[in-house]
Amino acid sequence: MNVYLVGVIISFIIYLIVSFVVSKYVKGADDYFVAGRNAPTGLIVGSMVASLISTGLFLGDSGEAYNGIWIATAGCAAISAGGYVVGAIFFSRFLRRADVYTVPGFFQKRFCSRAVGLVASITVIITMAVYLLSVTQGGATLMSNVTGLNYNVCALLAVLLFTIMVITSGSKGVLITDTIMFGLFTSIGIICVVIVSVKGGGWWNIIEDIGADPDKSYLLSWSGKLGYLYDTGLENVVYFLAYGISWAGVAFCGPWQCSRNIMAKNEHTVIRSAVWVILGCFGINYLVQLGAVFMHAFDIGDTEPTQVWLWASETILPTVVGVILITGIIAAAVSSAITFLSLIGASISNDIFRIQDGKKNVLVSRISMLVVAAIVLLVTIVNPPNIWWIMQIGATVIICALLPTAIASVWSKSVTKAGAFAGILVGFCVSFAMKVLTTWMGVSVPIWCDVYFVATAASILALVIVSKATKVTPEEEAQRAALFVVPEGEDDPVEVEKTRRSLKASVWIGAGIFVFCLVTWIIPYYIGLYS
């Protein structure tokens, strides 16, 4: 039997055992949808990072980094990391105060509007389904390549695994298995990058050689490979700044990220978790993508760029390490999949059908997840994998649709339910249409007409214009005022001081990241460039 298949089977069995054990402690709707609102910092951090990292990093982003736009992918990760702390302070703690199960449920409650809740829910369900399709295709493709099993069989196994995990254990199981998977793919990712660098001649030596080679220096330059995305370095920089801000928006209000904060045991956990998520998300993105660039120190033949880590697992890494790497990458896909599917189920039962009875609510959520999983499996089989464009569509759509309204819902006294509805709807329609045209159909637009700029501006304009033409109701005013009532116990001086220390630590973490980049990339690169 293929050694990679053995590793995958063992990991699947472990995840299922954990899920079945956790299911014994799920006693009601609160446990099932929001983990009893009692999750500690460690589980919030592990789940946030795990739900963000998927095959998109190990296959999509790594392939793009290898192709020459490492600065764009790594720069995006660096900028987006700050969105966690900003989002925790300015949105997620208010989201938790609203005492809801989902992000669309927050918008519905805040604006006293079924219509706003529905448009937000439809936006979330569609984008989460798109992401679920992406990670399913990525996981099935990887499993098929390394195990030798038929792609369709791998897709079936993957869908069965994450569906059973979510249906049995709910959000409690998601948090725990996410954290286990986070530990697995983070630790093995770091180990593999170190091994690749050593076998490639040494970390500094590889980077110096890249800088000194005129045919390769673009790989780690500030401009990236000219002509790959855009023809000038300035345009490429604008690109990664735009998408860094876009992904910071994901950290700010993306349902698969900020919804974890609804499960936190208190607001201090929300803020403290965000500080450590910065380190986790940036670190794994930076290292895995830089490791993909290191593959230029080897002759990978005609290997597809998206497969560089698969190639490394089979040719460079020790067999045991290679097997763990593959199971770690698959774990990254599964962790994201269980998050996306759980959000879809929660939104359908709570926001679409609005079921009040706890047992019926959980039942409808489970049934809806079975149906969605079956649809995703069918599309995965009949539609050829195209991980990169699917991943890009999801993030842009959710941010252009929800970010302006999310900010306004807390910090604006003049935004109305009609304005919120218009902002979400226009942002969704414009961003989805433009992303399909530019990414899937290949229509080229100047960087200043990028979907992020256009769709976000359209969403803001719709939000402002419609709000100006309508009035805020007393009910809406009351709901917003309720968000600023500090819950009992949140003003504990000891907890407040711990949180302040965490925020101060974020400054040092940022400084540490800069020094780390200086030592592991900038200095050796410019030594090679000017040698």
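In short, a report on the structure. (Residues numbered from 1 in each chain as written. Predicted model: local features only at pLDDT ≥ 70, side-chain atom pairs only at ≥ 80, totals over all residues. Heavy atoms only, no water.)

## Side note on the nonpolar core
Our working definition: Put simply, buried Ala, Val, Leu, Ile, Met, Phe, Trp, Tyr and Cys residues joined by side-chain atoms within 4.5 Å make one nonpolar core. Remark: exposure states derive from per-residue accessible area (1.4 Å probe, protein chains only) relative to the maximum for the residue type, with buried under 20%, exposed over 50%, and partly exposed in between. Helix and strand definitions follow DSSP, with helices as H or I runs of at least four residues and strands as E runs of at least two, each counted in order from the N terminus. Any two residues whose heavy atoms approach within 4.5 Å at even a single point are treated as in contact.
Residues L132, M295 and W309 are the most contacted members of the largest nonpolar core, which totals 168 residues. Among the elements that make up this core, the one with the highest residue count is helix α7 (residues 151-199) (20 residues). Discounting chain neighbours no more than four positions away, the residues touching L132 are F162, A337, F340, L341, I344, V372 and V376.

## Observations concerning empty space enclosed by the protein
The condition is simple: Cavity means a closed set of points on a 1 Å grid over the protein atoms alone, one where a 1.4 Å probe fits but cannot get out, pocket means an open set with protein on both sides within 12 Å along at least 5 of 7 lines, and lining means a residue has an atom within 4 Å of a point. Grid points are joined across faces, edges and corners, and a volume is the space filled by probe spheres set on the points. Side-chain classes follow a simple rule in which Ala, Val, Leu, Ile, Met, Phe, Trp, Tyr, Cys and Pro form the nonpolar group, Asp, Glu, Lys and Arg form the charged group, and the remainder, Gly included, forms the polar group.
Scanning the entire structure with this criterion turns up 5 cavities of 30 Å³ or more. Its volume calculated, the second largest cavity comes out at about 150 Å³. Considering the residues around the second largest cavity, the lining is formed by 18 residues, among which F33, M263, S342, L343 and A346 are closest to the centre. When residues of the lining of the second largest cavity are traced back to their parent elements, those giving at least two are α2 (29-34), α7, α10 (255-262), α13 (319-352) and α14 (358-382). Of the residues that constitute the lining of the second largest cavity, the class distribution is 10 nonpolar, 7 polar and 1 charged.

## Thoughts on a nonpolar patch on the surface
Basically, it comes down to this: Here a patch means residues that are over 30% exposed by relative accessible area and free of salt bridges, tied together within 9 Å if like-charged and within 5 Å if nonpolar (Val, Leu, Ile, Met, Phe, Trp, Tyr). For every accessible area listed, the method is Shrake-Rupley and the probe measures 1.4 Å; residues are considered covered only by the protein chains on display. Whenever Lys or Arg places a side-chain nitrogen within 4 Å of a carboxyl oxygen from Asp or Glu, that contact is recorded as a salt bridge.
The grouping of W204, F514, V515, V519, I523 and I527 at the surface amounts to a nonpolar patch, some 510 Å² of accessible area in total. In terms of residue count, helix α19 (residues 493-529) provides more of the nonpolar patch than any other element does, 5 residues in total. Assignment of secondary structure puts I527 in helix α19. Using a relative accessible area of 38% as the deciding quantity, one classes I527 as partly exposed.

## Topic: the packing of aromatic side chains
In plain terms, the rule: For Phe, Tyr and Trp, rings pair up if their centres lie within 6.5 Å, where Trp contributes its six-membered ring, and each pair is then called stacked (planes under 30 degrees apart), edge-to-face (over 60) or tilted (otherwise).
Counted by the stated rule, this structure contains 26 aromatic pairs. Summarising the aromatic geometry, the rings of W70 and Y286 are spaced 5.6 Å apart at their centres and angled 65° between planes, so their arrangement reads as edge-to-face. Of this pair, W70 sits in helix α4 (residues 55-97) while Y286 sits in helix α11 (residues 267-294); the two residues are 216 residues apart in sequence, bridging distant segments of the chain. On the numbers, 5.8 Å between centres and 20° between planes, the contact of F91 with F252 is stacked. Linking F91 in helix α4 with F252 in helix α9 (residues 233-253), this pair joins segments that are 161 residues apart in sequence. One aromatic cluster is present, built from ring pairs that chain together W70, F282, Y286, F516 and W521.

## Observations regarding the pattern of salt bridges
Counted according to the given criterion, the structure contains 7 salt bridges. Between R272 and E495 there is a salt bridge whose closest N-O contact spans 2.7 Å. Note that R272 is positioned in helix α11 and E495 in helix α19, a separation of 223 residues in sequence. For R272, a relative accessible area of 14% gives the class buried. The salt bridge involving K498 is made with E495; its shortest N-O contact spans 3.9 Å. Residue K498 and its partner E495 are located together in helix α19, separated by 3 residues, close to a single helical turn.

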